[in-house]
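Fold and geometry: a report
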Amino acid sequence: MKQRTPKVIERLRIDEAASEGKFISKPEGGKVIFTEYTAPGDVVDVEIRKSKSSFAEAKVTQFHSFSSHRQDPFCKHYGTCGGCRLQHIQYTYQLEYKFNQVKDALERIGKIALPEINPILGSARTEYYRNKMEYSFSSRRWLEASDIASREQLSRNALGFHVPGMFDRIVHIQHCYLQDHTANEIRNALYAFAESKGLIFFDQKIQQGCLRSFMLRNTSKGEWMALVQFGQANDEEISMVMDFLHEKFPILTSLLYVVNQKLNDSLYDQEVVVHKGLPYIVEELEGLQFRIQPKSFFQTNTAQAEILYRVARTMAGLKGDELVFDLYTGTGTIANFIARQARKVIGIESVPMAIEDAKLNSQVNGIQNTEFLVADMKDIFTPAFIAQHGKPDVVITDPPRAGMHESVVRTLLDSGTPRIVYISCNPATQARDLALLDEKYTVKEVQPVDMFPHTHHCENVVLLELRD
Ligand SMILES: C[S@@+](CC[C@H](N)C(=O)[O-])C[C@H]1O[C@@H](n2cnc3c(N)ncnc32)[C@H](O)[C@@H]1O
């Protein structure tokens with residue numbers, strides 16, 4: 001079959017930022033073209049990879065000149081591993097990019113009256129800011145350009161991240177800039193040990209192999225959790241690996257493993273075995289202790305999470321006698337964080353294990369004015385719920401990327417709640433929900449917070465007040 005030659009456009013100027021970490025060009029007389037790993041001001045040659053009636057997607061084949069917003073990416077895996085896609089852009093411009101994405105979503109999708117948006121709160125740490133990373137073992141290593149150029153005889157085994165769009169190919173990571181240096185030491189030592197013992201790395205295609213995945217979590221108090229997923233129940237191999245980690249890294253206060261023989265890597269339905277230490281690590285925010293179990297959700301940039309929670313608490317304007325609902329409470333972190341400033345906080349969440357953690361975190365901190373309920377939000381958060389539990393003075397809502405179900409928004413509208421604090425990790429769905437809430441609520445404050453430097457993701461906190 002004859003291969004079609006891709007259409008090439010030469011000397012295309014990248015004009016502006018678009019959502020999802022993409023950038024656009026608007027050539028005169030042509031359709032809008034999306035590219036990645038570019039920046040406004042770049043001039044490039046591109047090959048059109050996908051063409052629709054109103055837009056096209058293209059891959060850069062050559063740079064002619066570079067944007068003034070650029071910097072040299074500092075990671076050797078940039079562009080291959082799929083993470084940190086904005087690393088080629090200076091952090092100040094990344095913040096401008098995120099601020100504009102929030103503003104654009106609220107204006108274009110929300111179409112509501114807005115106050116002046118507060119300047120974005122950037123992350124003091126732009127490297128080594130994450131407290132959790134998950135790596136995959138694979139016998140199908142993806143060879144990076146530098147690997148091929150080195151002409152070295154490389155092992156086909158890898159421990160690292162999936163190549164975007166390829167379920168079975170893993171980029172072997174030597175140094176990742178996302179989690180504390182110790183994470184690199186532990187991961188590299190585990191890789192070298194597994195290689196030296198000839199252990200079989202997992203093959204995602206045939207679903208076989210001893211070593212499957214590896215998770216590392218740490219806290220600002222210096223506690224570390226390691227969890228190894230094995231693809232088969234071979235006690236001798238499991239002991240060998242776990243004893244190695246225990247002896248080599250006494251810093252691991254929680255050393256766990258799982259034998260996972262199902263088709264995917266997800267942990268939620270797996271039995272976690274404690275090899276050594278405790279089944280959890282403990283994080284501290286404003287003197288409160290938060291137990292983090294391997295399956296628990298906890299915001300991955302601890303320092304920025306504390307800032308985000310403070311912003312939400314300040315917007316909530318608590319004086320001590322309020323009834324607060326914390327919708328989509330997860331492990332109850334916000335509920336517990338604000339409980340000392342409120343009369344009562346009710347947290348609602350659909351994951352039963354998260355609610356167990358939430359209750360435990362109240363208990364550990366001697367907090368007695370919280371109540372946690374497990375349910376799907378659209379089923380539980382109804383006028384009957386409000387009649388039973390009372391009209392809240394404040395609702396804090398922090399839904400997943402999909403935003404709130406329309407019926408949840410309806411209940412909020414009918415509840416007469418004077419104040420709503422809406423935290424979101426997706427400005428587009430937040431804007432959609434704000435447009436619905438606009439029927440009765442005015443947006444009083446908007447505060448973007450950057451939790452994930454070098455990615456396009458941005459959190460946004462909005463304060464809404466009921467109109468008279
Ligand atoms: C962005 S997280 C909120 C995390 C929490 N506020 C925190 O800061 O740790 C969203 C939460 O919503 C929960 N969730 C998702 N869909 C839900 C639903 N339909 N009903 C109730 N909770 C849901 C998820 O399990 C997750 O814990």
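I will try to describe carefully the structure that is included in this document. Everything numeric here is computed off the predicted structure, so don't read it as measured data.

Things to note about the nonpolar core
Among the nonpolar cores identified, the biggest contains 54 residues, and Leu 308, Ala 312, Ala 316, Ile 338, Ile 396, Val 421 and Val 461 are the most heavily contacted of them. Considering each element in turn, this core owes the most residues, eight residues, to helix H5 (residues 302-316). Within the second largest apolar cluster, 42 residues are counted, among which are Tyr 135, Ala 158, Phe 214 and Val 241.

A closer look at the site of the ligand
Taken together, 18 residues form the shell around the ligand, and within it Tyr 328, Gly 330, Ser 350, Met 377 and Asp 398 come nearest. Classifying every residue of the shell around the ligand by side-chain character gives nine nonpolar, six polar and three charged.

Considering helix H7 (residues 352-364)
In a regular helix each residue adds 1.5 Å, so 13 residues correspond to 18 Å; H7 covers 18 Å between its end C-alpha atoms and thus fits that length. Considered for burial, the residues of H7 that qualify are Ala 354, Ile 355, Asp 357, Ala 358, Asn 361 and Ser 362. Along the long axis of H7, the arc covered by the buried residues comes to 155°, so they all point the same way. Exposed residues lying more than 90 degrees from the buried face of H7 are Pro 352 and Gln 363. Of the surrounding elements, those touching the buried residues of H7 are strand E16 (288-292), helix H6 (333-338), strand E18 (344-349) and strand E19 (370-374). Following H7 by one or two positions, Gly 366 adopts a phi angle in the positive range, close to 65°.

Quick notes on the packing of helix H1 (residues 91-110) against helix H11 (residues 427-437)
Where H1 meets H11, the axes come as close as 8 Å, and the angle between the chain directions of the two elements is 35°. The handedness of the crossing between H1 and H11 is right-handed. Listed contacts from H11 to Gln 101, Val 102, Ala 105, Leu 106, Ile 109 and Gly 110 of H1 are Pro 427, Ala 428, Ala 431, Arg 432, Leu 434 and Ala 435. A breakdown of the residues in the contact of H1 with H11 according to their chemical character gives nine nonpolar, two polar and one charged.

Details of unusual backbone geometry
Phi angles above zero are rare outside glycine, and Lys 111 is one such case at about 50°. Among the secondary structure elements, Lys 111 is positioned in the loop between H1 and strand E7 (132-138). Under the C-beta neighbour-count criterion, Lys 111 is labelled exposed, with 12 such atoms within 10 Å. Phi at His 454 takes a positive value of approximately 75°, unusual for a residue other than glycine. On the secondary structure map, His 454 appears in the loop between strand E22 (441-449) and strand E23 (459-466). Given 26 C-beta atoms within 10 Å, His 454 falls into the buried group.

So, how was this worked out
Residues numbered from 1 in each chain as written. Predicted model: local features only at pLDDT ≥ 70, side-chain atom pairs only at ≥ 80, totals over all residues. Core = buried A, V, L, I, M, F, W, Y, C linked by C-beta atoms within 7 Å. Buried ≥ 20, exposed ≤ 12 C-beta atoms within 10 Å, placed from the backbone. Helix = DSSP H or I, 4+ residues; strand = E, 2+ residues; numbered from the N terminus. Near = placed C-beta within 6 Å. Nonpolar A, V, L, I, M, F, W, Y, C, P; charged D, E, K, R; others polar. Expected span 1.5 Å × (residues − 1). Arc of directions from axis to C-beta. Contact = placed C-beta atoms within 7 Å. Axes fitted to C-alpha atoms, helices over the stretch in contact; angles between N-to-C directions. Left-handed = near helix turned anticlockwise from the far one by under 90°.

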